[in-house]
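Single-letter residue listing:
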Amino acid sequence: MKELKEFTIPFVGLKIGEHWFKFTIEKPFFEHFEYNEFNDATIKLDVLLVKKATLLEFTLFYKGTVNVNCDVSNEPYNQKLDGEYKFVVKFGEDTNVEDEDLLILPHGSYEVSIQQFVYESIVLAMPIKKIHPGVEDGTLKSEILDKLEELQPNKDRNPDEKEIDPRWDELKKLLTDK
């Protein structure tokens, strides 16, 4: 996959200590990963890079909203996202991206791409079931919800309501007799 240059951070020349980077993430970022679950996205990302002598520590702080469709009503709504994700970059013989919290870059590297970590942390922060707030509090009116309500089984009425066979009454007496 082609790298997005704006998410490549050059660390050569940075002094040991803390460094902050700010990004705005919108829908084209997710389209780059061919992720089409979001109708729209506006997320502010702050990246803290702590440079140490032998490694780099990254902390991603993201906050914003993504517009998604409700799993119940299919109505679009804005889902708030707020979270953080930490990972470490070390240096070794070969590049290793198999551990989700550790990235190993070859010696002599001078920059690191954080785009995959940003993408995965935001997508994984989404709730498993996306429910429109109007569905939860009952204020959303839609044809789909009306149809679901209409088709919902009613516990008060029993379509097979018949008179109970009197033979069962005789059997019930056996339970109470000793």
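Up top is the structure these notes are about.
Calculation rules
Positions within a chain are numbered from 1, following the residues in the order the chain's sequence is written. For a predicted model such as this one, the threshold for reporting local features is a pLDDT of at least 70, and the threshold for listing and counting side-chain atom pairs is 80 or more; totals across whole chains, interfaces and linings nevertheless cover every residue. Note that the side-chain values use all heavy atoms of the structure and ignore hydrogens as well as water. Take the buried Ala, Val, Leu, Ile, Met, Phe, Trp, Tyr and Cys residues and link them wherever side-chain atoms come within 4.5 Å; each set so joined is a nonpolar core. To sort residues, take the accessible area from a 1.4 Å probe on protein chains only and compare it with the maximum for the residue type: under 20% means buried, over 50% means exposed, and anything in between is partly exposed. Think of it this way: any DSSP run of H or I at least four residues long counts as a helix, any run of E at least two long counts as a strand, and we number them from the N terminus. When checking whether two residues touch, look at their non-hydrogen atoms; a contact exists if any pair is within 4.5 Å. Patches here are clusters of residues that have more than 30% relative accessible area and form no salt bridge, with a 9 Å joining cutoff for like charges and a 5 Å cutoff for nonpolar side chains (Val, Leu, Ile, Met, Phe, Trp, Tyr). Reported accessibility uses the Shrake-Rupley method at a 1.4 Å probe radius. Residues are deemed covered only where the shown protein chains occlude them. Throughout this description, the term salt bridge denotes a Lys or Arg side-chain nitrogen within 4 Å of a carboxyl oxygen of Asp or Glu. Should DSSP find at least two bridges between two strands, the strands are taken to pair. Note that His is not counted, nor are the chain ends; the positive residues are Lys and Arg, and the negative ones are Asp and Glu. Charge positions are represented by NZ for Lys, CZ for Arg, CG for Asp and CD for Glu.

Novice: It is not clear to me how the nonpolar core should be interpreted in this structure. Could you clarify?
Specialist: Across soluble globular proteins, nonpolar side chains show a tendency to be buried alongside one another. Judged by nonpolar contacts, the single largest core of 38 residues is most densely connected at Phe 30, Phe 58 and Ile 114. At the level of secondary structure, the elements contributing two or more residues to this core comprise β2 (17-26), α1 (27-32), β3 (40-51), β4 (55-69), β5 (76-92), β6 (102-106) and α2 (115-125). Top element by residues in this core is β4. It accounts for 6 residues. Residues in contact with Ile 114, not counting those within four places in the same chain, are Phe 7, Ile 9, Phe 23, Val 47, Phe 58, Leu 60 and Phe 87.

Novice: What is the right way to look at a nonpolar patch on the surface in this model?
Specialist: Side chains of Ile 164, Trp 168, Leu 171 and Leu 174 sit close together on the surface and give an oily, nonpolar patch of about 470 Å² of accessible area. Mapping Leu 171 onto the fold places it in helix α5 (residues 166-176). Exposure remark for Leu 171: the relative accessible area of 45% places this residue in the partly exposed category.

Novice: I tried to follow the pairing of β4 on my own but got confused; where do I start?
Specialist: For a regular strand, side chains alternate in direction, first toward one face of the sheet and then toward the other. Judged from the 12 bridges that link them, β3 and β4 form a sheet pairing that is antiparallel. Each residue of the ladder has a partner; that of Lys 51, found in β4, is Leu 56. Linking β3 to β4, which pair antiparallel, is a turn of 3 residues. Pairing between β4 and β5: 15 bridges, direction antiparallel. Its bridge partner lying in β5, Thr 59 is registered against Lys 86. Where β4 folds back onto β5 in an antiparallel hairpin, the turn is made up of 6 residues, including Asn 74, whose phi is positive at roughly 65 degrees.

Novice: I keep staring at a negative patch on the surface and nothing clicks. Help me out?
Specialist: A surface patch of like charges, here negative, comprises Asp 99, Glu 100, Asp 101 and Glu 120. Along the chain, Glu 120 turns up in helix α2. Relative accessible area serves as the criterion here: at 33%, Glu 120 is assigned to the partly exposed category.

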